[in-house]
Amino acid sequence: MHLKFAALVSGTGLILGLGLAGCSSSQTSADATTSPSPSSSVIGGMTECTQAAIEPTLRAELNSDTQLMDFSDLMCADGWATVNALIGDGQQGAPTSYIFEQEGQFWIPKQAADVCGTINFNTEPVAYPSDAQVPEVLFTAACLT
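These numbers were taken from a predicted model, which means no experiment stands behind them.

Rules used throughout
Residues numbered from 1 in each chain as written. Predicted model: local features only at pLDDT ≥ 70, side-chain atom pairs only at ≥ 80, totals over all residues. Heavy atoms only, no water. Salt bridge = Lys/Arg side-chain N within 4 Å of Asp/Glu carboxyl O. Disulfide = S-S within 2.5 Å. Helix = DSSP H or I, 4+ residues; strand = E, 2+ residues; numbered from the N terminus. Buried < 20%, exposed > 50% of the residue type's maximum accessible area, 1.4 Å probe, protein only. Pairing = 2+ DSSP bridges. Phe/Tyr/Trp six-rings, centres within 6.5 Å; stacked < 30°, edge-to-face > 60°. Core = buried A, V, L, I, M, F, W, Y, C linked by side-chain atoms within 4.5 Å. Contact = heavy atoms within 4.5 Å.

A. Region of interest: the pattern of salt bridges. Applying the stated criterion across every chain yields a total of two salt bridges. The residue Glu-101 makes a salt bridge to Lys-110 at a minimum N-O spacing of 3.3 Å.

B. Summary view of the state of the cysteines. Here the structure, examined in full by the defined rule, presents two disulfides. Each sulfur of the disulfide joining Cys-49 and Cys-76 lies 1.3 Å from the other. One end of the pair, Cys-49, is in the loop between helix 2 (29-32) and helix 3 (51-61); the other, Cys-76, is in strand 1 (residues 67-77), with 27 residues separating them in the sequence. Its relative accessible area of 29% is what places Cys-49 among the partly exposed residues. With a sulfur-sulfur separation of 1.9 Å, Cys-116 is cross-linked through a disulfide to Cys-143. A torsion of -85 degrees about the S-S bond marks the disulfide between Cys-116 and Cys-143 as left-handed. With Cys-116 in the loop between helix 4 (112-115) and helix 5 (139-143) and Cys-143 in helix 5, this pair connects stretches of sequence that are 27 residues apart.

C. Structural context of the pairing of strand 1. In terms of strand pairing, strand 1 meets strand 2 (residues 80-88) through eight bridges, oriented antiparallel. When the sheet's bridge partners are listed, Ser-72 is paired in strand 2 with Asn-84. From the end of strand 1 to the start of strand 2, which pair antiparallel, there are two residues, and Asp-78 there has a positive phi angle of about 50 degrees.

D. Highlighting the packing of aromatic side chains. Taken as a whole and assessed by the stated rule, the structure comprises one aromatic pair. Residues Tyr-128 and Phe-139 carry aromatic rings whose centres are separated by 5.4 Å and whose planes lie at 90 degrees to one another, so their mutual orientation is edge-to-face. With Tyr-128 in the loop between helix 4 and helix 5 and Phe-139 in helix 5, the pair connects residues that are 11 residues apart, well separated along the chain. Given the relative accessible area of 29%, Tyr-128 is considered partly exposed.

E. View of unusual backbone geometry. Note the cis peptide between Glu-124 and Pro-125, where omega equals -5 degrees. Here Pro-125 lies in the loop between helix 4 and helix 5. Positive phi, close to 55 degrees, is recorded for Asp-73, a residue that is not glycine. For Asp-78, which is not a glycine, the phi torsion comes out positive at approximately 50 degrees. Looking at the secondary structure, you find Asp-78 in the loop between strand 1 and strand 2.

F. Structural view of the nonpolar core. Ile-54, Leu-58, Leu-62, Leu-68, Phe-71, Ala-81, Val-83, Ala-85, Ile-87, Tyr-98, Phe-100 and Trp-107 form the largest nonpolar core, which has 12 residues in total. For this core, the elements supplying multiple residues, two or more each, are helix 3, strand 1, strand 2 and strand 3 (93-103). Excluding residues that lie within four positions of it along the chain, Trp-107 makes contacts with Thr-47, Glu-48, Cys-49, Ala-53, Ile-54, Thr-57, Gly-79, Trp-80, Ala-81, Phe-100, Glu-101 and Gln-102.

Now the structure itself:
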């Protein structure tokens, strides 16, 4: 009788172990080293480089007393975008350049100081820095305006 009970307990343990293994996460080793965050998630797919996709992020970056008066000159390349915007109080505005990097379904605002590299303004024309992150085709619009 004890042998039947031991076999039953052993078999139940094996079944439970397999069941738990089936419920475990199916992360790959690459997934296990990164922690998911809303800005890097691609659950909803990739975003598009359009005014409709970028403008809400731009508006979210503005102070409460600053308005987006004009959105123009949208340029995109290799997961990056630049926008020239007129921001102000609704009556008067100042032209301002914005840089965004695509991360999955989101456009993430970037600061020129962080992504334009070490710019040498002593050369004419200004050369594209080797440490720039923004694509070279967007460099002038993103970093020199």
